[in-house]
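Observations on the model geometry
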Amino acid sequence: MMNFFNFNKEKNQAADSTGGTPLTQRLQTFLGKLHARAEEMHAEVQDSAQSVADADSDPFKRSYLQFKAGMIAQFNAIMQKGSGVYQKEVVPKASPMELMALSQLFNDWNISVLNMMTSAFDHVVERDLEREYREIMEEYERYKDRFHCKQCGGKLEIHTFYFTATYIACPYCRTQNTFDPGTKVRMAEHLARPLAELRCRGDYETYKQQRKLLGAKGAEESYRAYVFALIGEMDNILPGLETQHQNFCNRLLDDYQRHEVFR
Amino acid sequence: MFKKFFKDLSGNLEDIAKNVSKGQQDTDTNDEILKAYANGDMNKIFDVGAASAGYTTMNTATEDPNDPQLQPVHGITVFDYAAGAAKIGEGCTEEQICRALGVERPQWDEAQTTWNNRMRDDKTFNVINVYSKYFGMVKEHEKLEGLKPDNAPTTTVVSEDAAANLQRLETDKHYFFEIQAAMQAAYDNGIDGAQWLIDNLGLTVAQVNGSGTKWMNDFNTMAQMMDYQEQKKKEYSERFAKESGTGSVADDINF
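Everything numeric in this text was worked out from a predicted model, so none of it was measured. (Residues numbered from 1 in each chain as written. Chains lettered and ligands numbered in written order. Predicted model: local features only at pLDDT ≥ 70, side-chain atom pairs only at ≥ 80, totals over all residues. Heavy atoms only, no water.)

With that settled, consider the pattern of salt bridges. All names here are of chain A. Scanning all chains against the criterion turns up 27 salt bridges over all chains. A salt bridge links Arg127 to Glu132, with the shortest nitrogen-to-oxygen separation between them at 2.8 Å. Exposure remark for Arg127: the relative accessible area of 29% places this residue in the partly exposed category. Overall, Glu132 belongs to the buried group, its relative accessible area being 15%. (Salt bridge = Lys/Arg side-chain N within 4 Å of Asp/Glu carboxyl O. Buried < 20%, exposed > 50% of the residue type's maximum accessible area, 1.4 Å probe, protein only.)

Shown next as structure tokens:
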């Protein structure tokens, strides 16, 4: 069984240092059992979470998120149970000498379970954004290639990516047609930012490193470079919204000034 | 030389005057916050704090008819858009909204993109606060209020009961926070909270949230109801655990 952050080792040391009073031993056994249960859950998440995410075809991944919320709640329940017993049943009974070892034991346990909870889903790729984007573009191409004038039946050539409904005038008979690529293609609008973030992860990592070394002010240049790359990528994904993306760029840079540099 | 000196001096005087007035503003802000604390007015504290950081709240958001960020898009106002979004959350289709507003889909789509971008790009949060206010006022929108959703979720709750539930959420804050607690408890127990609302109240998440915008934007109410919501969440959590036989994985481990 996995041993997170040497909880068991610490537990033994704590017990040794107190000489293992009955209360310490009792708490140790109790927390040990809870810890083992948390480890079982953690292992289960490692095994199955990715397949749950993959099987969920909903663009918002609602079934997967429901599963995740349920598992997080179980980790929380374990922590609450341990904490409740420690506060209500252990602390009032402990002698001052015992208390130090007990609190060490409890803290190690708490940190260990918390780490399991926060890291349990780290390995899961919730959404394959590149694949979603590819599917959207395939759907779009299919619709675009079948798009004809409702009046004269002439083939209407579309050279821009219209992800929402748009009026297109027929070049042959001047009839106004509505080009509506459908629900799936509309999702491109919601995909643009996360996909651009994914594609600019290298720039983001550079910024993060600079930030660690130089602080918020010193890392400003690299943050700007990241934001410009991000906006450029969003322009590529959603052409026609360059002005809006520029406004968004201004907001990100302004927020950085307000919340990071002058904090 | 004197000219330059005077220029610098007048520049300096301007700076001093600006600093004094800024200092005065800060003092005013502090005074206001202190007064609000003394009166236990959480909302005021929040509003003043937000204003000093350059943000608006739902109470201080302004609707200047000349504000370029609030201009209608193809005649679609922020009220039309917010109420339309609320109705879509009830199960209306975009086509229904377009017909009711007398616009076509390309116009609605462009309005949607524009309003969403305005909200995202607004550094003061004014647009999103105005939007939030109208999201909860769909009943006052003359064209959209009576629209019956084409895609209403299937439920066994009769429509009169659902309407009564909605009415109660709007008028009874205890009930509103109880239902919020129930939804959280449902998710914690691996139950789809949104579906639970449909099955038990005959309402969608959008309807429930829309009904409570006035509660959720009043910090006095929020602060007052926090403990109540926690207590209710615990009760519902126990109930759901019992009903679904899920419970906590740690139930069988005892001290």
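Now for the packing of aromatic side chains. One pass over the full model with this rule turns up 28 aromatic pairs over all chains. On the numbers, 5.5 Å between centres and 45 degrees between planes, the contact of Tyr81(B) with Trp108(B) is tilted. Of this pair, Tyr81(B) sits in helix α3 (residues 78–90) while Trp108(B) sits in helix α5 (residues 105–121), and the two are 27 residues apart along the sequence. Each of the two residues, Tyr81(B) as well as Trp108(B), counts as buried. An aromatic cluster is built from Tyr140(A), Tyr143(A), Phe147(A), Phe161(A), Tyr162(A), Phe163(A) and Phe179(A), whose rings are joined through pairwise contacts. Stacked on the ring of Phe255(B), the Lys or Arg Arg26(A) has its end atom at 4.1 Å from the ring centre. (Phe/Tyr/Trp six-rings, centres within 6.5 Å; stacked < 30°, edge-to-face > 60°. Helix = DSSP H or I, 4+ residues; strand = E, 2+ residues; numbered from the N terminus. Lys NZ or Arg CZ within 6 Å of the ring centre and 35° of its normal.)

Now for the interface of chain A and chain B. Each partner contributes residues to the interface: chain A has 38 residues there, and chain B has 30 residues. In this assembly, chain A packs against chain B so that about 2,900 Å² is buried in total across both faces, 55% of it on carbon and sulfur atoms. Linking chain A with chain B are two salt bridges, by the criterion used here. For Asp109(B), the salt bridge is made with Arg186(A), and the minimal N-O distance between the two is 2.6 Å. Counting every contact that joins chain A to chain B gives 14 residue pairs in polar contact (both at pLDDT 80 or more). Listing elements by their share of the side of chain A that touches chain B, those giving two or more residues are α2 (22–55), α3 (62–90), β1 (166–169) and α10 (242–261) of chain A. No other element matches the eleven residues that α3(A) contributes to the side of chain A that touches chain B. Looking at side-chain class alone, the side of chain A that touches chain B contains 16 nonpolar, eleven polar and eleven charged residues. (Contact = heavy atoms within 4.5 Å. Buried area = accessible area lost by both parts, 1.4 Å probe. Polar contact = N/O pair within 3.5 Å; in protein donor to acceptor, adjacent residues only side chain to side chain. Nonpolar A, V, L, I, M, F, W, Y, C, P; charged D, E, K, R; others polar.)

Over the atoms, a rolling probe the size of a water molecule traces out where space has been left empty. Quantified by volume, the largest pocket comes out at close to 1,500 Å³. If you trace the largest pocket, you find 44 residues lining it, with Phe60(A), Arg62(A), Ile88(B), Gly89(B) and Glu94(B) closest to the centre. Tallying contributions element by element places α5(B) first for the lining of the largest pocket, with six residues. Grouping the amino acids of the lining of the largest pocket by side-chain chemistry returns 18 nonpolar, 14 polar and twelve charged. By volume, the second largest pocket amounts to about 970 Å³. What lines the second largest pocket is a set of 35 residues, among which Lys87(B), Glu90(B), Leu166(B), Leu203(B) and Gln207(B) lie closest to the centre. Breaking the lining of the second largest pocket down by element, the ones donating at least two residues are α3, α7 (159–171), α10 (205–211) and α11 (213–216) of chain B. By residue number, the principal contributor to the lining of the second largest pocket is α7(B), which donates six residues. (1 Å grid on protein atoms, 1.4 Å probe; cavity = no way out; pocket = protein on both sides within 12 Å on 5 of 7 lines; lining within 4 Å. Points joined across faces, edges and corners; volume = space filled by probe spheres on them.)

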